[in-house]
Amino acid sequence: MGDLFDKFQPLIDQREALLSTGLTDPFNLVMEAVLSPTVAICNGKRTILLGTYNYMGMTFDPDVIAAGKKALDEYGSGTTGSRVLNGTYAGHKACEEALKDFYAMDHAMVFSTGYQANLGIISTIAGKDDYIVLDIDSHASIYDGCALGNANIVPFRHNDVEALEKRLKRIPEGAGKLVILEGVYSMLGDRAPLKEMVAVSKAAGAMVLVDEAHSMGFIGENGRGVAEDEGIIDDVDFIIGTFSKSVGTVGGFCVSNHPKFEILRLVCRPYVFTASLPPSVVATAATSIRKLMHGAAKRAHLWANSQKLHAGLKALGFTLGTDTPQSAIIAVIMPDLEKGAAMWEALLNEGLYVNLARPPATPGNMTLLRCSLCAEHSGEQVDQILGMFAAAGRATNCIA
Ligand SMILES: Cc1ncc(COP(=O)(O)O)c(C=O)c1O
């Protein structure tokens, strides 16, 4: 009888080879204590966090924490049920109201994660004989949403407007079309040319879904994302987002102005067949979302730090994922996994945590050290971070 685990052998071998050099396992780090959105204790050492998605630093906001504690006391630890049965509490409705106000949209549907929001919305709205046209570098949850549904899948080259237009023109006349884009792509931190892409999609009669997971809270005048920043949010049919990044907790959502949107609550399996979020989580999310509406000063500070870190890393001689800073994600491209892992460990020893990203999660089989800034990083912390990159880069011969 074949061992079903045989298919994992190449990965097991690669991992064992890496760890046999004495390297700390980059995918098994424990946060022993978390002191603030930007500092934790890892391996007994005070460590600056530069690899979280806590873009707006809401995890320790006193109002957010108070709202969570109050809901825990008043409503208990969990709902033990689906949103369509016993799992919709006043807090879930309040959270959806906060999202509608945040995006100025008619409908909001909260899921248990952003992953499930993509799974659910994509697999439900694009059915048999419909076409999904998506950027080839789309997030795993988007691909998994496509896999769960029955639509025809047509990928196009990353951020290539012409390629998108060509694919759309080849789709049979009269077929349903859904174009899926992301505001910010999480691996390299680059933005989509949404204005052009949405225009081309609408001209072809397609509906458009934009995943703004990495732009919500930060990008756009009101933090609504790249679609807001580019002035085309009214042309977007569905925005997908998550509470696990700028909102600072866990959960996912879809907002839309589609007049028939509410029917999705009855037909979307990853919404119906799973338990709803705990009351404390929706209370923290709603409070955080409402505070993010007034986050202009934080947004400006985060933007200034993103520019400073990008310029500093470039000046040190690192190769970055984008020529200019486009988001709070700054990806440092490493020559290979071995060098990337060595640099990751050297940074950890300096007292800095970043994300090590490697294939298949990365585009073009790249190994990346992904830095993501938080609005709570001080200017001095950014200076410290640059000093740590300089020291670790020289120790590992990544820079001269
Ligand atoms: C673009 C994108 N969409 C969706 C998700 C899923 O979000 P969640 O963590 O809420 O499942 C992520 C998370 O990494 C993401 O990067």
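Along each chain, residues carry numbers from 1 onward, in the same order as the chain's sequence is written. Owing to the predicted nature of the model, reporting of local features is limited to residues with pLDDT of at least 70; listing and counting of side-chain atom pairs is limited to 80 or more, with chain, interface and lining totals taken over all residues. Just so you know, side-chain values use all the structure's heavy atoms and leave hydrogens and water out.

### As for a nonpolar patch on the surface
- Only residues whose relative accessible area exceeds 30% and that take part in no salt bridge are eligible for patches, with like-charged residues grouped when within 9 Å of each other and nonpolar side chains (Val, Leu, Ile, Met, Phe, Trp, Tyr) grouped when within 5 Å. In these tables, accessible area is a Shrake-Rupley quantity obtained with a 1.4 Å probe, and a residue counts as shielded only by the protein chains included in the view. Any Lys or Arg side-chain nitrogen found within 4 Å of a carboxyl oxygen on Asp or Glu counts as a salt bridge. There is a patch of nonpolar side chains on the surface, built from Val84, Leu85, Ile263, Leu266 and Val267 and spanning about 500 Å² of accessible area.
- Position of Val267 relative to the elements: it lies in helix H9 (residues 264-267). A run of H or I in DSSP becomes a helix once it reaches four residues, and a run of E becomes a strand once it reaches two; helices and strands are each numbered from the N terminus.

### Observations concerning the sheet that holds strand E3 (residues 45-49)
- Note: two strands are recorded as paired if DSSP finds a minimum of 2 bridges between them. Spatially, E1-E2-E3-E12 is the arrangement adopted by the 4 strands of the open sheet, whose pairing is mixed. Looking at strand neighbours, the two that pair on one side only are strand E1 (31-36) and strand E12 (352-353), the edges of this open sheet.
- The pairing of E1 with strand E2 (residues 39-42) spans 4 bridges and is classified as antiparallel. For Ala33, the partnering residue across the bridge sits in E2 and is Ile41.
- By definition in these notes, contact holds between two residues if any of their heavy atoms fall within 4.5 Å. Orientation is described by lines fitted to C-alpha atoms, with helices fitted over the stretch in contact, and by angles between N-to-C directions that extend from 0 to 180 degrees. Lying over the sheet, helix H14 (residues 379-395) contacts E2, E3 and E12, oriented at roughly 105° with respect to E3.

### Things to note about the site of the ligand
- Close to the ligand lie 14 residues, the nearest being Gly114, Asp211, His214, Thr242 and Ser244.
- Polar contacts, as counted here, are pairs of nitrogen or oxygen atoms within 3.5 Å of one another; within protein the pair requires one atom able to donate a hydrogen and one able to accept it, and residues that are adjacent in sequence qualify only if both atoms are side-chain atoms. In this structure, an oxygen atom belonging to the ligand sits 2.6 Å away from a side-chain N or O atom of His214.
- Here an oxygen atom of the ligand and a side-chain polar atom of Thr242 are 2.6 Å apart.
- Alone, the ligand offers 390 Å² of accessible surface; in the complex the protein occludes 86% of this.
- Among the residues forming the shell around the ligand, the class breakdown is 2 nonpolar, 9 polar and 3 charged. A molecule or strand has a residue near it when one of that residue's heavy atoms lies within 4 Å. Each residue is assigned to one class: nonpolar for Ala, Val, Leu, Ile, Met, Phe, Trp, Tyr, Cys and Pro, charged for Asp, Glu, Lys and Arg, and polar for all the others, Gly among them.

### Regarding the packing of helix H3 (residues 90-103) against helix H11 (residues 279-292)
- Packing of H3 against H11 brings their axes to within 9 Å, and their N-to-C directions diverge by 20°. On the basis of the axis angle, H3 is roughly parallel to H11. The handedness of the crossing between H3 and H11 is left-handed. Touching Gly91, His92, Ala94, Cys95, Glu97, Ala98, Leu99, Asp101 and Phe102 of H3 are Val282, Ala285, Ala286, Ile289, Arg290 and Leu292, all from H11.
- A per-class count over the contact of H3 with H11 returns 10 nonpolar, 2 polar and 3 charged. The cut-offs work like this: below 35 degrees is roughly parallel, past 145 is roughly antiparallel, 65 to 115 is roughly perpendicular, and the gaps in between are oblique. In a left-handed crossing the near helix is turned counterclockwise from the far helix by less than a right angle, and in a right-handed crossing that turn is clockwise.

### Things to note about H11
- The end-to-end C-alpha distance of H11, which contains 14 residues, comes to 20 Å, matching closely the 20 Å that a straight helix rising 1.5 Å per residue would cover.
- When accessible area is computed with a 1.4 Å probe and restricted to protein chains, residues below 20% of their type maximum are described as buried, those above 50% as exposed, and intermediate ones as partly exposed. Counting buried positions along H11 gives 11 out of 14 residues, so the element sits mostly inside the fold.
- When we look at burial in H11, the residues that qualify are Pro279, Ser280, Val281, Val282, Ala283, Thr284, Ala285, Ala286, Ser288, Ile289 and Leu292. By this rule, a helix spans an expected 1.5 Å times one less than how many residues it contains.

### Examining the packing of aromatic side chains
- Aromatic rings from Phe, Tyr and Trp, with only the six-membered ring used for Trp, were paired whenever their centres fell within 6.5 Å, and each pair was classed as stacked if the ring planes differed by under 30 degrees, edge-to-face if by over 60, and tilted otherwise. Inspection of every chain in the model, using the stated rule, returns 11 aromatic pairs.
- On the basis of an interplanar angle of 50° and a centroid distance of 6.1 Å, the ring pair of Tyr53 and Tyr55 is categorised as tilted.
- For Tyr53, a relative accessible area of 25% translates into the label partly exposed.
- Linked through ring pairs, Phe102, Tyr103, Phe243 and Phe253 together constitute an aromatic cluster.

### Side note on the domain arrangement of the chain
- Throughout the structure description, domain borders are defined by an automatic or database domain assignment. Looking at the assigned domains, one finds that the chain contains domain 1 (32-56 + 296-395) and domain 2 (62-292).
- Domain 1 and domain 2 are separated by 27 Å when their C-alpha centres are compared.
- Every contact between the two is made by 22 residues of domain 1 and, on the other side, 21 residues of domain 2.
- Summed over both sides, the interface between domain 1 and domain 2 buries roughly 1800 Å², with carbon and sulfur atoms accounting for 63% of that surface.
- Per-residue buried area on domain 1 facing domain 2 is highest for Tyr53, Arg299 and Gln326; these three make up 33% of the total on that side.
- In this assembly, domain 1 and domain 2 are joined by 0 salt bridges.
- Going through the elements one at a time, helix H12 (296-316), strand E11 (329-334) and strand E14 (367-372) are the ones with two or more residues in the side of domain 1 that touches domain 2.
- Looking at the side of domain 1 that touches domain 2, the element that brings in the most residues is H12, giving 4 residues.
- Of the residues contributing to the side of domain 1 that touches domain 2, the split by class is 13 nonpolar, 7 polar and 2 charged. Accessible area, probed at 1.4 Å, shrinks when two parts are joined; the buried area is that loss added up over both.

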